[in-house]
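# Descriptive analysis of the structure
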Amino acid sequence: HCLDSVTFICILKACANIGAIEKGKRLHNEMVSRGLLKENIVLTTAVLDMYVKFGLLSKAHQMLLDDIPLRDVVAWNTLIVGYSQQRQDHEAITCFERMRSEGLLPDVVTFTCIFKVCGHMGFIKIGKRCHSEIVKLGLLEKDIMLGNALVDMYAKCGLLTKAQHVLEDLTIRDVVSWTTLIAGYAQRGKAAEALECFEEMLGECIAPNEITFLCVLTACSHSGKLDKAQMYFSDMSEKYRLSPNVQHHTCMLGIYANAGY
């Protein structure tokens, strides 16, 4: 039986999931020989995604530029996300700028990924430019993951006041939003601000998770707040039914040691 595009897409995804590189390459060659990729952007993007998941980013990049004349934002996102996941941040930014030069408008996936890259590399100018653009497009009002990525970018770049302003302007905040900001303050040694944010989060009836408590305990460690650390560590299991892991216990050990116990 002759395979159709839907079947090929499913098999390409299966090859990507199990790492069947040679099988995936044979399928790609078969599709090329049958002329299936010439005008089918969905099928072509599936091949692109397969190579990205294989970690063959140079192959995917070459294919995008040479074999996909009608590139869309989904195709570019596939490569940008792949580069970001492999921490090849400069390449991700290069793809982003090339996509923009082709007149394509980034979507939520693009911006979320670029904020992550900017946070890693400290590319604050690019991040601010993208922030202004998503405000004009009204995207922050619709997607909490994008808002959280923006908070994270400013926090990682050390602009914690800006990160907090962004968080306060979000129409919807969740535990990730607050934990991202708390982590930023804790990592910069700003314990008072971190604990204040934690209390504000609780005031909004948002339940903390394991990562939140690790950030809070880290803040207590930096500021030598043994009593508060003991209270939060106790609340973790008794109030929120969360099981402390080795990182929480290690943090508490450090707090006790620094206090002379």
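Each chain carries its own residue numbering, running from 1 in the written order of its sequence. Local features in this predicted model are restricted to residues of pLDDT 70 or higher, and side-chain atom pairs are both shown and tallied only at a pLDDT of 80 or more, whereas totals for entire chains, interfaces and linings draw on every residue. As a convention, hydrogens and water are excluded, and side-chain values are obtained from all of the structure's heavy atoms.

Another aspect to go through is the environment of His28. Only runs of H or I of at least four residues qualify as helices and only runs of E of at least two qualify as strands under DSSP, and these elements are numbered from the N terminus. On the secondary structure map, His28 appears in helix 2 (residues 21-33). Judged by its relative accessible area of 6%, His28 is buried. Spatially, the C-alpha atoms of His28 and Tyr51 are 10 Å apart, while their sequence positions differ by 23 residues. Contacts are assigned to residue pairs that have any heavy atoms within 4.5 Å of one another. In this view, His28 contacts Leu37, Val47, Tyr51 and Met63; residues no more than four positions away in its chain are not counted. Here a polar contact is taken to be a pair of N or O atoms separated by no more than 3.5 Å, where protein atoms must pair a possible hydrogen donor with a possible acceptor and residues adjacent in sequence count only if both atoms sit in side chains. In terms of polar contacts, His28 uses its side chain to reach the side chain of Tyr51, at 2.8 Å. Burial classes follow relative accessibility: with a 1.4 Å probe on protein chains only, a residue under 20% of its type's maximum area counts as buried, one over 50% as exposed, and anything between as partly exposed.

On to helix 7 (residues 108-121). A helix's residues, less one, multiplied by 1.5 Å, set its expected span. Taking 1.5 Å per residue as the helical rise, helix 7 with its 14 residues ought to reach 20 Å, and the 20 Å between its terminal C-alpha atoms agrees with that figure. Packing partners of the buried residues in helix 7 comprise helix 5 (73-85), helix 6 (89-101), helix 8 (124-137) and helix 9 (144-156). The residue sitting at the N-terminus of helix 7 and contributing the capping side-chain oxygen is Asp107; that oxygen lies 3.1 Å from the backbone nitrogen of Val109. Two residues or fewer past helix 7, Gly122 is found with a positive phi of approximately 75 degrees.

Quick look at the packing of aromatic side chains now. Put simply, two rings from Phe, Tyr or Trp (the six-membered ring, in Trp's case) pair if the centres are within 6.5 Å, and we call them stacked under 30 degrees between planes, edge-to-face over 60, tilted for the rest. All told, the structure shown has five aromatic pairs when counted by the stated rule. Taken together, a centroid distance of 5.8 Å and an interplanar angle of 55 degrees make the contact between Phe213 and Tyr240 tilted. Taken together, the residues span a long stretch of sequence, with Phe213 in helix 13 (residues 210-223) and Tyr240 in the loop between helix 14 (226-238) and helix 15 (246-258) at a distance of 27 residues. With relative accessibility at 1%, the residue Phe213 sits in the buried group. Aromatic rings pair up to connect Phe198, Phe213, Tyr232 and Tyr240 into one cluster.

Oppositely charged side chains can pair when the atoms bearing their charge come close. For this document, the term salt bridge refers to a Lys or Arg side-chain nitrogen within 4 Å of an Asp or Glu carboxyl oxygen. Counted by the stated rule, this structure contains nine salt bridges. Residues Arg34 and Glu30 are paired through a salt bridge, measuring 3.4 Å at the closest nitrogen-oxygen approach. For Arg34, a relative accessible area of 32% gives the class partly exposed. You can call Glu30 partly exposed: its relative accessible area is 34%. A salt bridge links Lys53 to Asp49; the nearest nitrogen and oxygen atoms lie 2.7 Å apart. A residue pair is termed a helical-turn pair when its members lie 3 or 4 positions apart in one helix, as Lys53 and Asp49 do in helix 3 (residues 41-54) at four residues. One continuous salt-bridge network, built from bridges that share partners, spans Arg71, Arg98 and Glu102.

Next up on the list: helix 5. In a regular helix each residue adds 1.5 Å, so 13 residues correspond to 18 Å; helix 5 covers 18 Å between its end C-alpha atoms and thus fits that length. On its buried side, helix 5 packs onto helix 3, helix 4 (57-67), helix 6 and helix 7. Downstream of helix 5 by one or two residues, Arg87 has phi in the positive range, about 60 degrees.

Of note, Asn77 is situated in helix 5. Given a relative accessible area of 6%, Asn77 falls into the buried group. There is a polar contact of 2.5 Å between the side chain of Asn77 and the side chain of Thr110. Residue contacts for Asn77: discarding those within four places in its chain leaves Asp107, Val109 and Thr110.

Remember, this is a structural readout, not a statement about activity or role.
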